[in-house]
Amino acid sequence: MQSYNVSVPVQVAQAPGGRASIAATVHAPDELPARPIVVFALPGGGYGRGYFDLRFAGRSGYSQAEHHTAHGIVVVAMDHLGVGDSSTEANDVIVIEDIAAANDEAVREILRRLRSGTLDASLPACEPGFVVGNSYANPRIPL
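Heads up: these notes are all about the structure in this document. None of these values were measured; they are calculated from a predicted model. Numbering of residues starts from 1 in each chain and follows the order in which that chain's sequence is written. Where totals are concerned, whole chains, interfaces and linings use all residues; where local detail is concerned, this predicted model gives features only for residues with pLDDT of at least 70, and gives and counts side-chain atom pairs only at 80 or more. Side-chain numbers here rest on the full set of heavy atoms in the structure, without hydrogens or water.

Let us now look at the packing of aromatic side chains. In this scheme Phe, Tyr and Trp rings, the latter by its six-membered ring, pair at centre separations within 6.5 Å, and the angle between planes marks the pair as stacked below 30 degrees, edge-to-face above 60, and tilted otherwise. Inspection of every chain in the model, using the stated rule, returns 3 aromatic pairs. Considering the side-chain rings of Tyr47 and Tyr51, the 5.3 Å spacing of their centres and the 40° angle between planes classify their relative orientation as tilted. With a centroid separation of 5.0 Å and an interplanar angle of 85°, the aromatic rings of Phe56 and Tyr62 are classed as edge-to-face. Grouping aromatic residues by their ring pairs yields a cluster made of Tyr47, Tyr51 and Phe52.

This brings us to the side chain of Arg113. Strands are runs of DSSP state E lasting at least 2 residues, helices are runs of H or I lasting at least 4, and numbering of each runs from the N terminus. Relative to the helices and strands, Arg113 resides in helix α2 (residues 96-116). Partly exposed describes any residue whose relative accessible area lies between the buried limit of under 20% and the exposed limit of over 50%, with all areas from a 1.4 Å probe on protein chains only and scaled to the type maximum. Relative accessible area serves as the criterion here: at 16%, Arg113 is assigned to the buried category. A 3.5 Å cut-off defines polar contacts: any pair of N or O atoms within that distance qualifies, except that in protein one atom must be a possible hydrogen donor and the other a possible acceptor, and neighbouring residues in sequence count only when both atoms are side-chain atoms. A polar contact of 2.9 Å, which involves the side chain of Arg113, links it to the side chain of Glu109. Residue contacts follow a heavy-atom distance rule, with two residues in contact if any of their heavy atoms lie within 4.5 Å. Those residues in contact with Arg113 that sit more than four places away from it in its chain are Val6, Ser7, Val8, Pro9, Thr118 and Leu119.

What follows covers the pairing of strand β3 (residues 37-41). Taking burial as the measure, the 5 residues of β3 include 4 buried ones, the bulk of the element. Strands pair, by our definition, only if DSSP identifies at least two bridges between them. Two elements, β3 and strand β5 (residues 130-132), share 3 bridges in a ladder whose sense is parallel. Looking across to β5, one finds that Ile37 is bridged to Phe130. Direction of pairing for β3 relative to strand β4 (residues 74-78): parallel, over a ladder of 4 bridges. Looking across to β4, one finds that Val38 is bridged to Val74. Handedness of the crossover joining β3 and β4 through helix α1 (residues 64-69) is recorded here as right-handed. A crossover gets the label right-handed when its path from the first strand over the helix to the second runs clockwise, viewed with the strands pointing away from the viewer.

The next point concerns the nonpolar core. Only buried Ala, Val, Leu, Ile, Met, Phe, Trp, Tyr and Cys residues count toward a nonpolar core, and they belong to the same one when joined by side-chain atoms within 4.5 Å. Phe40, Val76, Met78 and Ile110 are the most contacted members of the largest nonpolar core, which has 30 residues in total. Those elements that provide at least two residues to this core are β1 (2-11), β2 (19-28), β3, β4 and α2. Sorting elements by how many residues they give to this core places α2 first, with 7 residues. Once you skip the residues sitting within four places of it in the chain, Phe40 turns out to touch Val76, Met78, Val107, Ile110, Leu111, Val131 and Val132. The next biggest cluster of nonpolar side chains, apart from the first, holds 7 residues, and it includes Val39, Phe52, Ala65 and Ile73.

Under the 1.5 Å per step criterion, the end-to-end length of α2 is 30 Å for 21 residues, consistent within 8% with the ideal 30 Å. Here α2 has its buried residues at Asp98, Ile99, Ala100, Ala102, Asn103, Asp104, Ala106, Val107, Ile110, Leu111, Arg113 and Leu114. On its buried face, α2 sits against β1, β2, β3, β4 and β5. Of the residues one or two after α2, Gly117 is the one with positive phi, at around 75°. Every helix has an expected span of 1.5 Å times one less than the residues it contains.

We define a salt bridge as a side-chain nitrogen of Lys or Arg found within 4 Å of a carboxyl oxygen belonging to Asp or Glu. If you walk through the whole model with that rule in mind, you get 8 salt bridges. A salt bridge links Arg49 to Asp79; its shortest N-O distance comes to 2.6 Å. Taken together, the residues span a long stretch of sequence, with Arg49 in the loop between β3 and α1 and Asp79 in the loop between β4 and α2 at a distance of 30 residues. By the burial criterion, Arg49 is buried, and Asp79 matches it. With its nearest N and O atoms 2.9 Å apart, the salt bridge here joins Glu109 to Arg113. Taken together, the residues span about one helical turn, with Glu109 and Arg113 both in helix α2 at a distance of 4 residues. Among the charged side chains, a salt-bridge network with shared partners connects Arg49, Asp79 and Asp85.

These figures come from the coordinates and say nothing about function on their own.
Shown next, in the form of structure tokens:
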């Protein structure tokens, strides 16, 4: 499994300067399929994206990302706006709609980077065969 940490700038009106960032880790199989399934994983309950790649000394089999990438699936674990390494400066004024819109913007940008091969120099461009996760704004708009 190869893992790439990325930061995606997003628009958030209440944030300083109207901008914020979403932190994500893209976990990819060592051999990327031509048209991989891409799963966007966003934890609940205030957990961070590390929830999807748990590792414990002397134990194995706890990493959901490792399990999926072993089956050729790309896992994109994201911190919601206001959680983990994503921007937290506007936590006292953002609402759920802001969080959902920021997540949607980040999902679209990460997919753009995957398709164009600009996510990381060592990760080739790929066209997802299927994306798990949907558009907040309009689920009929293709990601």
